[in-house]
Amino acid sequence: MDLLQADRGQPARDIHVLHPNAYPGWIDRQSARIRAIVAAHGLTGKAGDRAILPGEGDDDWSMLLVCNDPPGAPWRIASLGGSLPAGTYRLIDTMVGESGLGWILGQHRFDRYVTQPAAAPRILLTDTPANIVETIRLAEATALVRDLVNTPAADMGPADLEAQAERLAQDHGGTLGVTRGDALATGYPMIHTVGMAAAVDRAPRLIELEWGDPAHPRIAIVGKGVCFDTGGLDLKPSAGMRLMKKDMGGAAHALALAGLVMAAGLKVRLHLLIPAVENAVAGNAFRPGDVLHSRKGLTVENTNTDAEGRLILGDALTRAGEANPELILDFATLTGAARVAVGPDLPATFCNDEGISADLLAAAALVDDPLCRLPLWDGYDDMLKSDIADMVNAPDGGFAGAITAALFLRRFVPADTPWVHLDTFAWRPVAKPGRPKGGEALGLRAAYRLLQDRYG
């Protein structure tokens, strides 16, 4: 809460943020002393140029940043939030707007396992105090996703996801229900099958949280919670297993989005569902060629034990649809094919409703949380054919892997229910200002804005 404060005229150092086009006029208005210092820094007015400018007193200085982001863009001053000395700062000749989010997140660190003390805070004064609470909520939700994804699997198993959901329920007056272990075998057989090889203390479970007025429109948020993915008997190589602590990234997004919905008091009846498992290797692990039964009654020939996320989501989506929601939204770190298609920054987005798809993409552009829509191409549905069951979980050949995975999930969604599926990476392989390497919220703010616009 201390990182963004209302500007009441308190002492603060100035920050000048200039667009490259405005730099020539600005430098022409400066004193010979300032021009000399800027020249000594080698600044030419290109985006990314920065310098500390001395004032009149011994301890008087301000900051200059040249940036081509539009005013108020989330990441406009994120690099300063993470690099300036501790203290209080004020933007000059520009509004803080949404850039307060980047300022806060530029100071976020995943420090659970480090012994060094946390850095002293850098406080930004804002001329739009009405935005403070919402900005802090978004920053906390983003930090939650990052922290959950960054936590190693030894400390982030199915029980830990359950504990996080329980905290949300307690904080917001929700009701938590959990189906665990062998109790899944009859009601949620695919969740049970995928997770049954894990240790007893990492037993599979379906976590459900309900919140809100039952008279309000019902929405379901579903998150894939594979807390570690060995690949099962179709074992991943060590390089492919290295980051599989992040395979619960969909659950992290779902938890964070549910928290935002409840904190904002959106007029919905919320149903959060997280199928939480560890895809482990043991004598009772499910096998390639096994035929799995599902909650919906469809049978699935398992052609790849490393395509387990769609299996557990199938049961969870079926459960969500049984309550007749007017919208189902799921997050999942589902396919490597999505990363090949659109890279790490863009969640591959699938939707069976043109109006909601348009609204979601517009929301994504508005909050600078980009998405890339891919088609639910009916022509590829035949790729899911099985010789011995209703369908396979992973077609041979590898073509259109993100699309066929989405088509698999679609079979578990009621045909008349609007549904959005985000195949998100939940990871940033290269650091950017305000966005460190590691776990990342991708698509979270876009989805939240969609829900705000519909139910706020």
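All values derive from a computational prediction rather than experimental measurement. (Residues numbered from 1 in each chain as written. Predicted model: local features only at pLDDT ≥ 70, side-chain atom pairs only at ≥ 80, totals over all residues. Heavy atoms only, no water.)

Draft legend 1. Up close: the sheet that holds strand β4 (residues 61-66). Read from one edge of the open sheet, six strands run β1-β6-β5-β2-β4-β3, paired in mixed fashion. Single-partner strands in this sheet number two, and they are β1 (4-6) and β3 (50-54). Going from strand to strand, the sheet's axes swing by 30 degrees on average, the running direction of each strand aside. Pairing analysis gives four bridges linking strand β2 (residues 13-18) to strand β5 (residues 87-92), with the strands arranged parallel. Residue D14 lies in a different strand from β5, and its bridge partner there is R90. (Pairing = 2+ DSSP bridges. Helix = DSSP H or I, 4+ residues; strand = E, 2+ residues; numbered from the N terminus. Axes fitted to C-alpha atoms, helices over the stretch in contact; angles between N-to-C directions.)

Draft legend 2. Geometry of helix α13 (residues 354-366). With 13 residues, α13 ought to run about 18 Å at 1.5 Å a step, and its terminal C-alpha atoms sit 18 Å apart, in line with that. Among the structural elements, β14 (327-332), β15 (348-351), β16 (372-373), β18 (419-423) and α15 (444-455) are those in contact with the buried residues of α13. Its side-chain oxygen at 3.1 Å from the backbone nitrogen of G355, D353 defines the N-terminal cap of α13. Directly beyond the C-terminal end of α13, a positive phi value near 55 degrees is found at D368. (Expected span 1.5 Å × (residues − 1). Contact = heavy atoms within 4.5 Å. Polar contact = N/O pair within 3.5 Å; in protein donor to acceptor, adjacent residues only side chain to side chain.)

Draft legend 3. Representation of the packing of helix α11 (residues 309-322) against helix α14 (residues 401-410) in the model. Closest axis-to-axis distance for the α11/α14 pair is 9 Å, and the angle between their directions is 30 degrees. Accordingly, the angle class assigned to the pair α11 and α14 is roughly parallel. Handedness of the α11/α14 crossing: right-handed. Of the residues in α14, those touching α11 at R310, L311, L313, G314 and L317 are A405, F408 and L409. Residue composition of the contact of α11 with α14, grouped by class: six nonpolar, one polar and one charged. (Parallel < 35°, antiparallel > 145°, perpendicular 65-115°, else oblique. Left-handed = near helix turned anticlockwise from the far one by under 90°. Nonpolar A, V, L, I, M, F, W, Y, C, P; charged D, E, K, R; others polar.)

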